[in-house]
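Coordinate inspection notes
The chain contents come next:
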Amino acid sequence: MRQQKTKPFPYFIGIHSLEELVTKDSRVCVINILGNESRKVTPVSHEYSGGNVVAGVQYGRKGVLETKAGNIPVYSSIRDVIQSGIFFDIGVIYLPPAAVGQAVAELVTYNEALKRIIIVTEKVPTRDSRNIRFVCQEAGVDVIGANCLGVANVWDHVRVGGALAGDHPEEALRQGSVAIHSNSGNFTTTIAEYLRTAGFGLSTAVSSGKDVYIHFALPEFLYAAQNDPRTKAIALYVEPGGYYERQALDWIKERRFGFNKPIVVCVTGRWKKDIQRSCGHAGALAGSGDDAISKEQWFDDYFGVPAYDPDNPRVSKRGVRVASIQHFPEAMKAVFEAIDESPDYAASGDLSLKPWISDNWLPLPAGLDIPVVKAMSPYDHQIREINIQVGANYLRQSMADKSGASRMDPKTQVSELHGKSILDLSNYTMEENIYFSLAKVMPDPADIPTINILLNLFLKIEERRMELVDLARANGCTPNAYIGSQIALIGDKPFLARAREATRVLINMIREFEIDERTSEFPAALDIFITTQLLTSEPVRKTPVSELLLKEIKRCPKKSFPIRVIQHIIELAESKGLQIRDNYEFFLGGIAISMFWKPMLEKRISRQVAEDAVTYFYIIARIVAYSVIDRKNNSYWRELIDAKVSNLRSSFTENAFAVLFNRKPAESELFEFKALIGLTLTNGPGTLSAKGAKESVSARNHIATAFLGFLTNTGLAHGGNGFEAVGYLLEQFKGGVADPGNPDHGLDLKKMANSAARAYRDYKKNEKESGELQYARIPCINHPVFKGNDINIDPREEYIRGEFNKRSIHNVFLDFYHHLVEELFFEGATRNIFCVNIDAVLAVIILKLVWKDLQEGRLTTKMVQDLSFTQFLYGRAIGVAAEIADHRDRGTDMDCRTPQDRVQFVL
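Predicted, not measured: the structure shown is a model, and the values here were computed from it.

One finds Phe458, Ile569, Phe596, Phe617, Phe673, Phe707 and Tyr817 to be the most contacted residues of the largest nonpolar core, which totals 170 residues. Not counting chain neighbours up to four residues away, the residues in contact with Phe673 comprise Met430, Thr653, Ala656, Phe657, Leu660, Phe661 and Tyr874. If you look at the next biggest cluster of nonpolar residues, it comprises 84 residues, including Ala205, Leu218, Leu222 and Phe336.

Spelled out as structure tokens, the structure:
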């Protein structure tokens, strides 16, 4: 039967007053009740409304949906519900968009008692929405939606449809005199919460949805609101698209239904004016004249006042438009005053910012430094759990041939570690670069003395261990092998495990007791924890080393809260006459926290890296300790490894130089040594050394074993190949040079280079004529990338040469190389002037540093070869530490394994 039009509308509307929309007498059937969303939302609505859901439909299934208000029977079709004699007058649809139209048809066909349909589904096809409109108009059924989050009659304590007001609707839906109509479901709840702070409750809340068709739009809503004696004012949230608001305002002006209640409206979506497709709600797409700015003007013209200004509040009895939803409470209060009405109840709370969490690393002006307040339950417990979690967390993935630590620029061939080029890093000391490899930032200057103490402390070894190194060297082992033999024995030493555990406990303690920079006094509960968990009345062995670390912590100049906490633990122990358990390991862990807390809190590094920091320091220092070339004649090394603690404050870089070269470095030599270390830190994750470490991590080995993977993946072709260039230069300079660092060396380098170029030209010609294409090349010239120009330059070598010139550092061997590439071209041995590549820099620095000892017989050529190889291991060990830490953070077990479909069998 075709329904009559409802005056004053040219179409049917069955809702005369908002109080009729949904009531305590409404009975509901939910379609797709066991779907992912409905099975969570429906029980909340059912319980809040006193058990108004009488049935559910899950096509093809039967059963029940359990709720605290009783089980809801579930049928396999709407027809089954009707045939079972169950009465309902409201249908709620949770189906996918394409199925909504069919469900509406079934509801209308089989249920003659049907009054309303609420469509939760979003983006219902426009054609289907048109058909739904036609079918329901014919049947005399009101439709709310689509894209409706629900409808609430607050006076009757009823919610029907979606998750309007969340899992605890009673918190936001407080009885009052404001009716909300909102295109956004979530903002329906938000506006209700905001109004509550100013003392306004709700009569009705309608999430109209914002599909292309809004079936229960603003004209129908205002008509029903006018006829609702509970409602004194209207709150609207409007998005672009559609002319529903214009039609409603025109009809009010025409006095079609005598509307005279005030409206407070927020129109949003100015940014959508020029977009060509829907973004967000399907219907929030402006066409011609229905964008946000146009809608703002419609309302401003109706109200007769401009948008609400908190500093100069003006409203009319018709209402006002607010530019932001945060102005709803005060604008509504001003409107109520204009119509001589009072709020529904006393104001409770306000909309001032009340942050639950804060990042106090960024200094803020006083006006922006807002105090943190305790969150409401259960969020306070959740925030507490989150706060305990500190440091970066990375997505686990296969890290084979990947790295979050290093990369190489394919154009410049300059490698980077943590975003910093090795050219820049070559200006820093070893201790700075070791810290940087883990923390991803350079250390605080106040931390450098402590870093040196730890690294120098870990140089202390028992000399008897070197007997195994001597045996390995006698058996022809290369430096990577004889050093690796000792690193393999480290495993996960008990004291390293205890230091890691101490670090873990300290981090947990700081986070659980919520200690930060703003903590002025430590809580009493903290002292109880310290006393019971960290201190003991039993005697504890004290060593010169532990006493040194204790003094270092006590006099630490840093004022950060981690060091304050550790100092407090020491003071508490002394005041109570107690001892710190595992004091040596505790001090190591405390120092690690004090140095790595800031990058961990800034999420530059993971918590795991901070806990493992002592282990990384220990292993790198051990590599240096075991690397001495001629230990019987190196008094510097012997002094560094002995048990004394009086020599721990010197620079680790200078000590590593002394271990390698058996002398203290001059200032220029120290810069050259730093350049050697910096340039060899990394060449990207694809190098054999990096892959060896990463593959060991992939097999889930200890950190020491991962370093062993790096060591075993170096060799005479990778790491030890620098000696080829040294050997070539020794041949060219066999006539000798007194001081390779003196610019007045007295040699005719151009003549020497010309002679070498002619000899190489003849050699190359003879080899080619004999059919030999694999003839020897001169090492350290030319490059796969920097070639093809008339004059070729390796930018890395150019940078280092420029740094040498700035410091008046001379190197006769490097100068010879530059003459050589020119003479090779002039003599026709090459087609253009080759570049002197970065490997030449490494070779000429090494040769210069060992020249005097080599000429005077204190070093053999084999020692120089080992020394050159060992220097490479120093630098690469630092870069590999970054790779190991990165792979442990991001990688997965066995991720470096080669898939079977990528391996081949060859005959």
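Reading across the sheet, the three strands line up as 15-16-17 and stay open at both edges, with antiparallel pairing between neighbours. Of all the strands in the sheet, just strand 15 (406-408) and strand 17 (420-421) have a single pairing partner and so form its edges. For strand 15 and strand 16 (residues 415-417), the ladder comprises three bridges, and the chain directions are antiparallel. Considered in strand 16, the bridge of Met408 is made with Ser415.

Neither face of strand 6 (residues 116-119) is open: one carries Arg116 and Ile118, the other Ile117 and Ile119, and all of them are buried. In this structure, strand 5 (residues 90-93) lies alongside strand 6, joined through four bridges in parallel fashion. Within the sheet, the bridge partner assigned to Ile93 lies in strand 6 and is Ile119. With helix 3 (residues 97-110) bridging strand 5 and the parallel strand 6, this β-α-β connection has right-handed handedness. Here three bridges tie strand 6 to strand 7 (residues 142-144), and the two strands are oriented parallel to one another. Bridging across to strand 7, Arg116 finds its partner in Asp142.

Moving on, we come to the pairing of strand 14 (residues 319-322). Neither face of strand 14 is open: one carries Gly319 and Arg321, the other Val320 and Val322, and all of them are buried. Examined bridge by bridge, strand 13 (residues 263-267) and strand 14 share four bridges and lie parallel to one another. Paired with Val265 across the strands is Arg321, a residue of strand 14.

Glancing now at the pattern of salt bridges. Taken as a whole and judged by the stated rule, the model has 50 salt bridges. Here Arg246 makes a salt bridge to Asp250, at a shortest N to O gap of 3.6 Å. Placement of both Arg246 and Asp250 in helix 8 (residues 244-253) is noted, with a separation of four residues, approximately one turn of the helix. For Glu463, the salt bridge identified is with Arg638, shortest N-O distance 2.8 Å.

This part is about unusual backbone geometry. Backbone torsion omega between Gly145 and Ala146 reads 0 degrees, so that peptide bond is classified as cis. For Ala146, the location among the structural elements is in the loop between strand 7 and strand 8 (150-153). Looking along the chain, the bond that leaves Ser377 and enters Pro378 is cis, with omega of 5 degrees. Checked against the element boundaries, Pro378 lands in the loop between helix 10 (328-338) and helix 11 (379-388). Positive phi, close to 60 degrees, is recorded for Arg255, a residue that is not glycine. Tracing the backbone shows Arg255 in the loop between helix 8 and strand 13.

With that out of the way, let us pick up the environment of Asp889. Within the fold, Asp889 resides in helix 33 (residues 861-890). Asp889 has contacts with Tyr394, Arg396, Ser606, Gln608 and Val609, leaving out every residue within four places of it along the chain. A distance of 2.7 Å separates a polar atom in the side chain of Asp889 from a polar atom in the side chain of Ser606. A distance of 3.2 Å separates polar atoms of two side chains, one belonging to Asp889 and the other to Gln608.

This paragraph deals with the side chain of His418. Assignment of secondary structure puts His418 in the loop between strand 16 and strand 17. Residue His418 is classed as buried on the basis of its relative accessible area, which comes to 18%. Side-chain polar atoms of His418 contact the backbone oxygen of Ser437, separated by 2.8 Å. Filtering out sequence-adjacent residues up to four positions away, His418 remains in contact with Gly404, Ala405, Phe436, Ser437, Lys440 and Ala882.

Relative to the helices and strands, Thr615 is located in helix 22 (residues 607-625). You can call Thr615 buried: its relative accessible area is 4%. Setting aside anything within four residues of it in sequence, one finds Thr615 in contact with Leu496, Arg500 and Ile703.

For Asp744, the location among the structural elements is in the loop between helix 28 (722-732) and helix 29 (749-769). Residue Asp744 is classed as exposed on the basis of its relative accessible area of 67%. Taking the C-alpha atoms as reference points, Asp744 and His810, 66 residues apart in sequence, are found 9.9 Å from one another.

Compared with the 27 Å implied by 1.5 Å per residue over 19 residues, the 28 Å span of helix 22 between its first and last C-alpha is a close match. Its maximal kink placed at Ala613, helix 22 deviates by approximately 50 degrees. In terms of burial, helix 22 is largely enclosed, as 18 of its 19 residues are buried.

Let's shift gears to the sheet that holds strand 3 (residues 63-65). Spatially, the seven strands line up as an open sheet ordered 3-4-2-1-5-6-7, and their pairing is mixed. Only two strands of the sheet have a single neighbouring strand rather than two, namely strand 3 and strand 7. Adjacent strand axes in the sheet meet at a mean angle of 25 degrees, parallel and antiparallel pairs treated alike. One ladder, built from three bridges, connects strand 3 with strand 4 (residues 72-75); its direction is antiparallel. When the sheet's bridge partners are listed, Val64 is paired in strand 4 with Pro73.

Evaluated as defined, the whole model comprises 33 aromatic pairs. Following the ring pairs from residue to residue traces out a cluster consisting of Phe9, Tyr11, Tyr223, Trp251, Phe257 and Phe259. One cation-aromatic arrangement involves Arg133 over Tyr11; the distance from NZ or CZ to the ring centre is 5.0 Å. Directly above the aromatic system of Tyr775 lies the positively charged group of Arg777, at a separation of 3.9 Å from the ring centroid.

Turning our eyes to something else, we now look at the packing of helix 20 (residues 561-576) against helix 21 (residues 583-601). At a minimum axis distance of 8 Å, the contact between helix 20 and helix 21 shows a crossing angle of 160 degrees. Compared by their axis directions, helix 20 and helix 21 come out roughly antiparallel. Here Phe561, Pro562, Ile563, Ile566, Ile569 and Ile570 of helix 20 lie close against helix 21, whose contacting residues are Phe586, Phe587, Gly590, Ile593, Ser594 and Trp597. Partitioned by chemical class, the residues of the contact of helix 20 with helix 21 number 10 nonpolar, two polar and no charged.

Orientation of helix 25 (residues 667-679) relative to helix 33, taken along the N-to-C sense of each, is 60 degrees, at an axis distance of 7 Å. Taken together, helix 25 and helix 33 sit at an angle that is classed as oblique. Relative to helix 33, helix 25 is oriented so that their crossing is right-handed. Contacts between helix 25 and helix 33 involve Phe673, Leu676 and Ile677 from the former and Gln871, Tyr874, Gly875 and Ile878 from the latter. For the contact of helix 25 with helix 33, the class distribution of residues is five nonpolar, two polar and no charged.

The rules behind each value
- Residues numbered from 1 in each chain as written.
- Predicted model: local features only at pLDDT ≥ 70, side-chain atom pairs only at ≥ 80, totals over all residues.
- Heavy atoms only, no water.
- Core = buried A, V, L, I, M, F, W, Y, C linked by side-chain atoms within 4.5 Å.
- Buried < 20%, exposed > 50% of the residue type's maximum accessible area, 1.4 Å probe, protein only.
- Contact = heavy atoms within 4.5 Å.
- Pairing = 2+ DSSP bridges.
- Helix = DSSP H or I, 4+ residues; strand = E, 2+ residues; numbered from the N terminus.
- Right-handed = clockwise from strand over helix to strand, strands pointing away.
- Salt bridge = Lys/Arg side-chain N within 4 Å of Asp/Glu carboxyl O.
- Polar contact = N/O pair within 3.5 Å; in protein donor to acceptor, adjacent residues only side chain to side chain.
- Expected span 1.5 Å × (residues − 1).
- Bend = angle between axes of the 7 residues up to and from the residue.
- Axes fitted to C-alpha atoms, helices over the stretch in contact; angles between N-to-C directions.
- Phe/Tyr/Trp six-rings, centres within 6.5 Å; stacked < 30°, edge-to-face > 60°.
- Lys NZ or Arg CZ within 6 Å of the ring centre and 35° of its normal.
- Parallel < 35°, antiparallel > 145°, perpendicular 65-115°, else oblique.
- Nonpolar A, V, L, I, M, F, W, Y, C, P; charged D, E, K, R; others polar.
- Left-handed = near helix turned anticlockwise from the far one by under 90°.

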